[in-house]
Amino acid sequence: MQKKIWRSTTLLQKRHDPSPITRHSSWRRHFAIFWDAFLTVVIGAGLFDAAQRSGLWNARGLWMLLLALAFLIAHRWLWAPVRHASDEWPPLYRDLLVVLAVEFVLVLALLPASAWFALLLLAMLGQITAAAPICRWWLPGSVILLTLAGPIGLYDALATQRWGTATGLMAIIAWLPVLFLYIRLFFDEREERAALERDLHAAHAEIERVTPLLRRLDALQSREQALADMRDGMHHTLAYINLHLDTVRQQRHDDPATADMTLAALHELVQQRLQEMAPDSDERTESASPEPHEQVAPSSKTNEPPEPMTGTMG
């Protein structure tokens, strides 16, 4: 019985237990939406800036539109599993590097048209933050930060020995990975806390579901113990009756009166045992629920049959 209940509990646990941490968590979906809005503003500003210089309705402008559209397609393709909540997230590190390399080439092609396109590198940092393990940020993150240092003027400040400006720009570059690291750790901590709360609620539900089964098991064990005690009592009673039946067989010719008294005592004992074994007596016993100090006398009656009258042993 215990094994069956344990198996049923395990099956229920496997069926209702949620995964510890969902890969396509809500914060990544919100993160993807943020970068979509960010790219819309940045690409719009970059195209507007490029149109002010040389126009868009020419070969160069159409080429920039195609490059910007290709960047958006690559960006949305990487985030697609997060938006659709599929099981393909996070991508393989190799696939992430391929997407980042394609986007990096597109950014390099767009940078001569407008400095606004340098902000696309921040969206790439967002992809690294959400999709890659922290220990693997160093390779793509370093390339992106070194590339970003050019459009913001860090290399020009170093070349012209403007150390104050160079120090400020280096501080900005250094704070970017720290900011993205804080975002990743903050949302990972919230995600793990939400997963623990889900596990706690699931465990509480399982406890409520299993509690009636455990109570039923305790009742069955108590009944089984009562049946075992009754069986032991009946064994003692039968041994007692067998002993005194031999005595009656020896005394029925020599002392019939004593034999009759012994038979009457044995008959009374059998009637008492039959009443104890009746089903309604078990219900009365369970409903009465005697106190622990009142259970000593019935147990002694059950396990030790009453002694016969003094004259029976003659």
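Residues numbered from 1 in each chain as written. Predicted model: local features only at pLDDT ≥ 70, side-chain atom pairs only at ≥ 80, totals over all residues. Heavy atoms only, no water.

In this section: the overall build of the protein chain. Helices and strands together make up the secondary structure of the protein chain, namely 11 helices and 0 strands. Going from N to C terminus, the protein chain has its helices and strands arranged as α-α-α-α-α-α-α-α-α-α-α. Per-residue burial over the protein chain gives 33% buried out of 314 residues. Counted over contacts in the protein chain with a minimum sequence separation of 6, partners at least 24 positions apart contribute 76%. (Helix = DSSP H or I, 4+ residues; strand = E, 2+ residues; numbered from the N terminus. Buried < 20%, exposed > 50% of the residue type's maximum accessible area, 1.4 Å probe, protein only. Contact = heavy atoms within 4.5 Å.)

The next point concerns the pattern of salt bridges. Scanning the entire structure with this criterion turns up 6 salt bridges. In this structure, Arg 76 and Asp 36 form a salt bridge, with 3.2 Å as the shortest nitrogen-oxygen distance. One end of the pair, Arg 76, is in helix H3 (residues 59-84); the other, Asp 36, is in helix H2 (residues 26-54), and 40 residues separate them in sequence. Overall, the relative accessible area of 15% leaves Asp 36 in the buried class. (Salt bridge = Lys/Arg side-chain N within 4 Å of Asp/Glu carboxyl O.)

At Gln 161, a residue that is not glycine, the phi angle is positive and equals roughly 60 degrees. For Gln 161, the position within the fold is in the loop between helix H7 (154-159) and helix H8 (163-254). Given a relative accessible area of 56%, Gln 161 falls into the exposed group.

Another aspect to go through is the packing of H2 against H3. Where H2 meets H3, the axes come as close as 11 Å, and the angle between the chain directions of the two elements is 180 degrees. One finds that H2 runs roughly antiparallel with respect to H3. Residues Arg 28, Arg 29, Phe 31, Ala 32, Trp 35, Asp 36, Leu 39, Ile 43, Leu 47, Ala 50 and Ser 54 of H2 pack against Arg 60, Met 64, Leu 65, Ala 68, Phe 71, Leu 72, His 75, Arg 76, Trp 79, Val 82 and Arg 83 of H3. Across the contact of H2 with H3, the residue classes break down as 14 nonpolar, 2 polar and 6 charged. (Axes fitted to C-alpha atoms, helices over the stretch in contact; angles between N-to-C directions. Parallel < 35°, antiparallel > 145°, perpendicular 65-115°, else oblique. Nonpolar A, V, L, I, M, F, W, Y, C, P; charged D, E, K, R; others polar.)

What follows is about H2. The terminal C-alpha atoms of H2 lie 42 Å apart, and with 29 residues this matches the ideal 42 Å at 1.5 Å per residue to within 8%. Following H2 by one or two positions, Gly 55 has its phi on the positive side, about 80 degrees. (Expected span 1.5 Å × (residues − 1).)

Now for the confidence of the model for the protein chain. On average, residues of the protein chain score 79 in pLDDT, and 80% of them are at 70 or above. Across residues 11-23 the pLDDT falls below 50, and counting only partners more than four positions away or on other chains, this stretch makes 21 contacts in the model. (pLDDT = per-residue confidence, 0-100.)

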